[in-house]
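Each chain, letter by letter, is given below.
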Amino acid sequence: MSPRTLARAVHNAVRRPARTTQMLLDRRSWAGIAWFLRDGRSRQSADDERPITSRSYRSYDAYVAHQRSKLALLDLSEYDRTFRVALADRLAEESWSGLSVLCLAARLGTEVKAFHDVGAFAVGIDLNPGDENPWVLPGDFHRLVFPDRCVDAAYCNALDHALDLDRTVDEIRRVLKPGGRLVVEAQQGTADVAFDAWAATAWNRIDDLVKAVESRGLTLLRRRGITEPWAGEQLVFVTPV
Ligand SMILES: C[S@@+](CC[C@H](N)C(=O)[O-])C[C@H]1O[C@@H](n2cnc3c(N)ncnc32)[C@H](O)[C@@H]1O
């Protein structure tokens, strides 16, 4: 676990003692911690030679179990409020009214709510949407259950959690209508999957991520810097018409 992740976990634990006690009593938290101690240190760093790399897992099931384990360790109430407002503000610069949007790896649905705020029909999928989540369905972005060319747009701020980036982008491209948009939000400086104990993919620079997405047949339309929920960029890609 990186020093930054550890410091954030300790800060959250001390700030909310009731929540920390509840978390320690939840066996799903211990499953995540046990996974990390057993398997979580295997990782690779991206560099100029290998600009995109993936964490090594013993099996696909181990990857899924690892990704699913994060939710029980988090208190997202503040994030849900602040990220929703920040995302809705930047989305509001263009028209989303009446468009269908699939939010990939949407966790508890913060981005889905932001798309609703700007008038879109949006739904999320996530490996672990928690219990009884009205905004997000259980699902894996490597194998979407939706038919070809069925949505106007897709949103993802968690491509660093993909085990197979090419396959994930191919799936997104498959479900987008011709001329459909993929909005990716990505962090700067994620050259090492160790930056986040749950990241499965790392890119050396955001430009390397752009190249990887474009290599699957999408075209970058525009890009801009963002500061919420972290410093990074919003990238808008379009599928061929
Ligand atoms: C950093 S969180 C992002 C959550 C959300 N987008 C947000 O901003 O609140 C990463 C999420 O990716 C999900 N995830 C990881 N691998 C996935 C996969 N293959 N398919 C769908 N969701 C996945 C995890 O369960 C986790 O909720």
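- Looking up the protein in an unreviewed UniProt entry gives the name Methyltransferase domain-containing protein, with the organism given as Micromonospora humi.

**Focus: the site of the ligand**
Working step 1: Neighbouring residues of the ligand: 19 residues in total, closest Tyr79, Ala105, Glu111, Asp126 and Asn157.
Working step 2: The contact in question runs from an oxygen atom of the ligand to an N or O atom on the side chain of Tyr79, over 2.5 Å.
Working step 3: The separation between a nitrogen atom of the ligand and a polar main-chain atom of Leu127 is 3.3 Å.
Working step 4: Contact with the protein chains covers 95% of the free accessible surface of the ligand, which is 600 Å².
Working step 5: Those elements giving two or more residues to the shell around the ligand turn out to be helix 4 (60-68) and helix 5 (77-91).
Working step 6: Partitioning the shell around the ligand into residue classes produces eight nonpolar, six polar and five charged.

**Describing the side chain of Thr168**
Working step 1: With respect to the helices, strands and loops of the structure, Thr168 is situated in helix 7 (residues 165-175).
Working step 2: Contacts of Thr168, omitting those with residues within four sequence positions, involve Phe141, His142, Leu159 and Ala162.

**Observations regarding the environment of Asn133**
Working step 1: With respect to the helices, strands and loops of the structure, Asn133 is situated in the loop between strand 3 (121-126) and strand 4 (136-138).
Working step 2: Residue class for Asn133 comes out buried when judged on its relative accessible area of 16%.
Working step 3: In this structure the C-alpha to C-alpha distance between Asn133 and Arg107, which are 26 residues apart in sequence, comes to 9.2 Å.
Working step 4: In this structure, Asn133 is in contact with Arg107, Leu108 and Gly109, ignoring residues within four places of it in sequence.
Working step 5: For Asn133, the side chain forms a polar contact with the main-chain oxygen of Leu108, separated by 3.4 Å.
Working step 6: Separated by 3.0 Å, the side chain of Asn133 and the backbone oxygen of Pro129 make a polar contact.

**Let's talk about unusual backbone geometry**
Working step 1: In this chain, Glu228 is followed by Pro229 through a cis amide linkage whose omega measures 5°.
Working step 2: Inspection of the secondary structure puts Pro229 in the loop between strand 8 (219-226) and strand 9 (232-238).
Working step 3: Even without glycine at this site, Ala105 takes up a positive phi of about 60°.
Working step 4: By secondary structure assignment, the location of Ala105 is in the loop between strand 2 (100-104) and helix 6 (110-117).
Working step 5: Phi is positive for Arg107, which is not a glycine, with a value near 50°.

The rules behind each value
Residues numbered from 1 in each chain as written. Predicted model: local features only at pLDDT ≥ 70, side-chain atom pairs only at ≥ 80, totals over all residues. Heavy atoms only, no water. Near = heavy atom within 4 Å. Polar contact = N/O pair within 3.5 Å; in protein donor to acceptor, adjacent residues only side chain to side chain. Areas by Shrake-Rupley, 256 points an atom, 1.4 Å probe, with all protein chains shown as cover. Helix = DSSP H or I, 4+ residues; strand = E, 2+ residues; numbered from the N terminus. Nonpolar A, V, L, I, M, F, W, Y, C, P; charged D, E, K, R; others polar. Contact = heavy atoms within 4.5 Å. Buried < 20%, exposed > 50% of the residue type's maximum accessible area, 1.4 Å probe, protein only.

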